[in-house]
Amino acid sequence: DRIKAEGGHNEDDKRYPKKKVVLLLAYSGKGYYGMQRNPGNSQFRTIEDDLVTALVKSGCIPGNHGDDMRKMSFQRCARTDKGVSAAGQVVSLKLRLIEDIIEKINENLPPQIRVLGLKRVTQGFNSKNNCDARTYAYMLPTVAFSPKDYDTENIASFRLEAETLQKVNQLFALYKGTHNFHNFTSQKAPSDPSARRYITEMSCGEPFVRNSYEFAVITVRGQSFMLHQIRKMIGLVIAVIRGFAKEEVMERSWGQEKVDVPKAPGLGLVLERVHFDRYNKRFGGDGLHERLEWAREEEAIKAFKEAHVYPTIVKTECEEGSMVSWMATLPSHDFEATVTGTQDNKDQKQNADEGNGSD
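Residues numbered from 1 in each chain as written. Predicted model: local features only at pLDDT ≥ 70, side-chain atom pairs only at ≥ 80, totals over all residues. Heavy atoms only, no water.

A. Highlighting the overall build of the protein chain. For the protein chain, the count of helices and strands is 11 helices and 10 strands. Counting only residues that meet the buried cut, the protein chain has 52% of its 359 residues in that class. Taking as baseline every contact in the protein chain between residues at least 6 positions apart, the subset at least 24 positions apart corresponds to 77%. (Helix = DSSP H or I, 4+ residues; strand = E, 2+ residues; numbered from the N terminus. Buried < 20%, exposed > 50% of the residue type's maximum accessible area, 1.4 Å probe, protein only. Contact = heavy atoms within 4.5 Å.)

B. Up close: the packing of helix α5 (residues 162-173) against helix α6 (residues 229-241). Where α5 contacts α6, the axes come no closer than 10 Å and their chain directions differ by 135 degrees. One element, α5, and the other, α6, form an angle in the oblique class. Along this stretch, α5 crosses α6, giving a crossing that reads as right-handed. Contacts between α5 and α6 involve T164, K167, V168, L171 and F172 from the former and M233, I234, V237, V240 and I241 from the latter. Of the residues in the contact of α5 with α6, the class split is eight nonpolar, one polar and one charged. (Axes fitted to C-alpha atoms, helices over the stretch in contact; angles between N-to-C directions. Parallel < 35°, antiparallel > 145°, perpendicular 65-115°, else oblique. Left-handed = near helix turned anticlockwise from the far one by under 90°. Nonpolar A, V, L, I, M, F, W, Y, C, P; charged D, E, K, R; others polar.)

C. Representation of the side chain of Q89. Structurally, the position occupied by Q89 is in strand β3 (residues 85-96). Polar side-chain contacts of Q89 include one of 3.4 Å to the side chain of Y27. Not counting residues within four places of it along the chain, the set of residues in contact with Q89 comprises L23, L24, L25, Y27, M35, C77, A78, T80 and L271. (Polar contact = N/O pair within 3.5 Å; in protein donor to acceptor, adjacent residues only side chain to side chain.)

D. Region of interest: the environment of F335. As for its position among the elements, F335 is in the loop between α10 (322-327) and α11 (341-351). Setting aside anything within four residues of it in sequence, one finds F335 in contact with L236, A239, F244, A245, V249, R252, D260, P262 and L330.

E. Structural view of the UniProt feature "binding site: substrate" (unreviewed entry) in the protein chain. The UniProt entry lists Y136 under the feature "binding site: substrate" (unreviewed entry), expressed in the numbering used here. Of note, Y136 is situated in strand β5 (residues 133-141). (UniProt positions renumbered as here; feature names shortened; annotations may be inferred.)

F. View of unusual backbone geometry. Positive phi, close to 50 degrees, is recorded for D100, a residue that is not glycine. Along the chain, D100 turns up in the loop between β3 and α4 (101-107). Backbone geometry at H228 places phi at a positive 70 degrees, although glycine is not the residue there. Considering the arrangement of structural elements, one finds H228 in the loop between β9 (213-222) and α6. With a relative accessible area of 4%, H228 lands in the buried category.

G. Spatial organisation of empty space enclosed by the protein. With the rule as written, the count across this model stands at three cavities of 30 Å³ or more. Its boundaries defined by the atoms lining it, the second largest cavity holds a volume of some 40 Å³. The wall of the second largest cavity is formed by Y138, M139, L140, P141, P265, L267, G268, I313, E317, S322 and M323. Within the residue set of the lining of the second largest cavity, elements represented by two or more residues are β5, α9 (298-320) and α10. Here the element with the most residues in the lining of the second largest cavity is β5; it accounts for four residues. Its residues assigned to classes, the lining of the second largest cavity comprises eight nonpolar, two polar and one charged. (1 Å grid on protein atoms, 1.4 Å probe; cavity = no way out; pocket = protein on both sides within 12 Å on 5 of 7 lines; lining within 4 Å. Points joined across faces, edges and corners; volume = space filled by probe spheres on them.)

H. A look at the pattern of salt bridges. Per the counting criterion, the structure on display carries 21 salt bridges. Two residues, R278 and D132, come together in a salt bridge whose shortest N-O distance is 2.5 Å. In this pair, R278 is assigned in helix α8 (residues 277-283) and D132 in the loop between β4 (113-120) and β5, connecting sequence segments 146 residues apart. For D132, a relative accessible area of 15% puts it in the buried group. Between E248 and R252 there is a salt bridge whose closest N-O contact spans 3.3 Å. Separated by four residues within a single helix, E248 and R252 lie in helix α7 (residues 248-253), roughly one turn from each other. (Salt bridge = Lys/Arg side-chain N within 4 Å of Asp/Glu carboxyl O.)

Shown next, in the form of structure tokens:
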């Protein structure tokens, strides 16, 4: 009976046997509760909810696999938080390789989510475990680096001076190397070995003007990141630049004591790229597998960011002013003392259902 009932699927499986692949995904996170699916929580729509629906509708996976993604060996490379976007997210899974597969999946996705590429990978490939490094970008209005007494009502006329940008980059450079980032996430003890993270690059680029506001993009590359880690790394540098905290707080935040580290808004954060250097070295030249690099898709990635990611960040920032609102909370942080229990409990409560994923 079961074979009869699944007859259509079996026919499809014969015509299109399932193969292990990776999909290159780009999405604007606005309106979504992050990347990862929360089964049984349909009111909180995630990127994966819409992706799985599109995979079923396009015939890439059997309908009965939609509810249990383990059946298709599904693995996301990075968990992105609520409202966070991606230009180069990668997921690995088993799919039926139907004709015009990318077009058919995209026909069933909203415009703010796009599959931009597909490559065959080894049977045992896991996009999370095989990933060596992740690169994130964070787009913010440069008024975030204005002096403490600057009138933030007057954002449009603010322009970042070269000297300040140089200081910003000196501070970001301090994050390079391996540090104990237990203060940059929640519910992590200083003794927890998983709080040690390796950062290879962090810097802020030259400013540019959009919608009469000046913006800049911060880029950070590291092996992996904990929940809220990047937003707190940026939040602390802003607090130092604006004069609410002394520079020594950065060194202290990697020590054993608990430090009150402010968390910058999620709006500007974008997962830019995930890196598979070891996999490429081992399998990329074996004649059977492609290297997991996306040079051919580069134009499409750039076009997606220009159409869906940057305009959303700019428009939302101009209309809702999330950065300026957040800046107003900086005086309430005590950078001299260790963090209060209240602040820690607030963080714990907020993140109780978010687990310990990446930024």
